[in-house]
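Overview (structure and organization)
Residue-level listing of the chains:
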Amino acid sequence: MEVKEIIDAGKTAIGIEFGSTRIKAVMVNLAGKPIAEGGHTWENQYVDGLWTYGLDMIWSGLQDAYAKLLADVEKKYGTVITTTSAIGFSAMMHGYMAFDKDGQLLVPFRTWRNTVTGEAAAELTKEFGFNIPQRWSIAHLQQAVLNKEPHVPDITFFTTLAGYIHWQLTGEKVLGVGDASGMFPIDSTTRDYNKDYLAKYEALVADRGFGWKLSKILPKVLVAGEAAGTLTAEGAAKLDVSGNLEAGIPLCPPEGDAGTGMVATNSVAVRTGNVSAGTSIFAMIVMEKALSAVHEEIDVVTTPVGDDVAMVHCNNCTSDINAWAGIFRQFAEAIGAPVDTDKLYTTLFTAALDGAPDCGGLAGFNYFSGEPVTGFTEGRPVFARKVDADFSFANFMRLHLYSAVSTLKVGLDILLKDEGVKVDQLFGHGGFFKTKEVGQRIMSAATGGPITTMETAGEGGAWGMAVLALYLGKLEGRTPAGYSLAEFLNKEIFAGEQGTTVTASEEEIEGFTKFMETFKNTLPIEKAAVDSL
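Residues numbered from 1 in each chain as written. Predicted model: local features only at pLDDT ≥ 70, side-chain atom pairs only at ≥ 80, totals over all residues. Heavy atoms only, no water.

Here we come to the overall build of the protein. From N to C terminus, the protein includes 18 helices and 22 strands. Its C-alpha atoms give the protein a radius of gyration of 23 Å, within 12% of the compact-globule value 24 Å for 533 residues. Each principal axis of the C-alpha atoms in the protein carries an extent, and together these give about 65 × 65 × 45 Å. Taking all 533 residues of the protein together, the buried fraction comes to 59%. (Helix = DSSP H or I, 4+ residues; strand = E, 2+ residues; numbered from the N terminus. Rg over C-alpha atoms; globule rule 2.2 N^0.38 Å. Buried < 20%, exposed > 50% of the residue type's maximum accessible area, 1.4 Å probe, protein only.)

Set out below in structure tokens:
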């Protein structure tokens, strides 16, 4: 069939993901191949000491991204979208969106980026014997409890950003298990919230006199492939302001960006893993068995079907690179030689490969916000160098690419060396890997092993969400019964795709190891910057 006919017949699926800096919409055919996309750029706001996005930003951003998807379809195929086989929404995980009985947001959305829940996270980690990071939704709730915030007694529901969008468009208070695992610990045997920990939490706050129980205000957990409701008439009008989109379209469970990253890189099977590197950076490895100890540097979340995943999450990655790219862009414009974005980033990244393996005496931290892995609740971007350093453009760029992955390396060493977690294949995706070979080589130097990127990796989480929408099983009579997500990905989405693998040289691995010694030794510089700047 011609693409226009496919679109008109609704033989497509749509995935929309709310990333930290971009909302992206992708339409795919039934084979998972992208046929159109749209996007909207946005930035979080720092308001009253908290990172947030306003509700108006959320909805105007979603509507703009979808409108641009429509425009792309009309430009390429001369038609409009009236229906599709399935839709899925995903977003940055964790954070805190709490609502009252009337569905009103009680306090501004608190994103994953906030590191203000240290007291609650420590209390819950001790109570459960399970690591609860600061960005997790339950840590935000408990910190609000400890702070005696006046909104807490009025909570009737709390969820993530993806869960909120899905609820508003379908009326269903549900969440995919992967996203739910960043709200509250999941029992991988039941694919649901851990009942023992729920009981412990409810006992912990029993004397507070709240009119709610945690088990009643959390969203219902669903696994990939399960029905999660349909688009309501109100939801269709809210998503598509042109009024062309029909109600009744099935939606798959809303997921977090970690889950869509696993799907986008075909790393949902045991002993596979992926590194997602964009505004934040995180590595995820699907485990064979539970960790032997609690590590504050490592989260345990799940795949979209509920298997345990070890996750090292760092709040900062490419923001400092982007800031320096802005400086170089301004310089180019100042000398009358403006450069387009793709060429700018390709030039900056490629130059890094000519730098010294240990960065030649340059040091730095990319901390725009706090980094719990290294014990920072706030961040300050810092660049430093020795007096006799080889201060070249190549070394400068290599330093900033190293800085983007250095904190991740701290956590991965605990996971791979101390815990002995095994990984057969590690996939990379996200903007850090967009320039051919460069991001892979840098990441390989950090991990000491090969890094593979798939042709589809550049499509990112929105494409991964569209694939999860395909897996909903409503398409042409296919159902996922007895057909695992891993099988679906291998047989229908990634069949025949090998990807590109890059392995750093021994010299590069040794150079990164030497750089990490400098990184750890100069952490006091970052502390001083936070304290005094």
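That was the structure; now back to the text.
Another point: the environment of E508. Considering the arrangement of structural elements, one finds E508 in helix α17 (residues 506-521). The exposure class assigned to E508 is buried, which follows from its relative accessible area of 11%. For E508, the residues in contact, after removing those within four places along its chain, are P357, R398, Y402, R441 and A445. (Contact = heavy atoms within 4.5 Å.)

Here we take up the layout of surface pockets. By volume, the largest pocket amounts to about 1400 Å³. In terms of lining residues, the largest pocket is bounded by 42 residues, among which T21, R22, G278, G430 and G431 are the most central. Counting only elements with at least two residues in the lining of the largest pocket, the list comes to β2 (22-29), β3 (34-41), β14 (272-277), α11 (319-334), α12 (341-352) and α15 (460-470). Ranked by residue count, the leading element in the lining of the largest pocket is α12, at five residues. Looking at the lining of the largest pocket residue by residue, the class counts come to 11 nonpolar, 21 polar and 10 charged. (1 Å grid on protein atoms, 1.4 Å probe; cavity = no way out; pocket = protein on both sides within 12 Å on 5 of 7 lines; lining within 4 Å. Points joined across faces, edges and corners; volume = space filled by probe spheres on them. Nonpolar A, V, L, I, M, F, W, Y, C, P; charged D, E, K, R; others polar.)

So, on to the packing of α12 against helix α13 (residues 393-418). Contact geometry of α12 with α13 gives a least axis separation of 7 Å together with a crossing angle of 95°. Judged by the angle between their axes, α12 and α13 are roughly perpendicular. Counted together, L348, F349, A351 and A352 of α12 and F393, A394, M397, R398 and L401 of α13 form the full contact between these two elements. For the contact of α12 with α13, a count of residues per class yields eight nonpolar, no polar and one charged. (Axes fitted to C-alpha atoms, helices over the stretch in contact; angles between N-to-C directions. Parallel < 35°, antiparallel > 145°, perpendicular 65-115°, else oblique.)

The N-to-C vectors of helix α10 (residues 257-264) and α15 enclose an angle of 80°; their axes lie 8 Å apart at closest approach. Of the possible angle classes, the one that applies to α10 and α15 is roughly perpendicular. Touching T260, V263 and A264 of α10 are G460, G461, W463, G464, M465, V467 and L468, all from α15. Of the residues that constitute the contact of α10 with α15, the class distribution is six nonpolar, four polar and no charged.

Moving on to the pattern of salt bridges. This model, assessed by the stated rule, comprises 19 salt bridges. Across the salt bridge formed by D102 and K101, the nearest N and O atoms sit 3.5 Å from each other. Residue D102 shares its accessibility class with K101, and that shared class is exposed. Taken together, the salt bridges that share partners define one network made up of R398, E437, R441 and E508. (Salt bridge = Lys/Arg side-chain N within 4 Å of Asp/Glu carboxyl O.)

Membership of the largest hydrophobic core comes to 129 residues, with the highest contact counts inside it found for L141, Y201, L214, F432 and L485. Of all the elements, α13 adds the most residues to this core, at 12 residues. Look past the residues within four positions of F432 in its chain and what remains in contact with it is A277, T318, I321, F349, L401, A404, V405, G439, I442 and M443. I35, W42, I81 and F99 belong to the second largest nonpolar core, which has 42 residues in total. (Core = buried A, V, L, I, M, F, W, Y, C linked by side-chain atoms within 4.5 Å.)

For the rest of this paragraph, the subject is the environment of K343. As for its position among the elements, K343 is in helix α12. Residue K343 is classed as exposed on the basis of its relative accessible area of 54%. Sequence spacing of K343 and G88 is 255 residues, and the spatial spacing of their C-alpha atoms is 33 Å.

Moving on, we get to empty space enclosed by the protein. Considering all chains together, one arrives at two cavities of 30 Å³ or more under this definition. By volume, the largest cavity amounts to about 50 Å³. Around the largest cavity, the lining residues are S20, M92, M93, H94, W112, D257, S280, F282, M311 and H313. Its residues placed into classes, the lining of the largest cavity shows five nonpolar, four polar and one charged.

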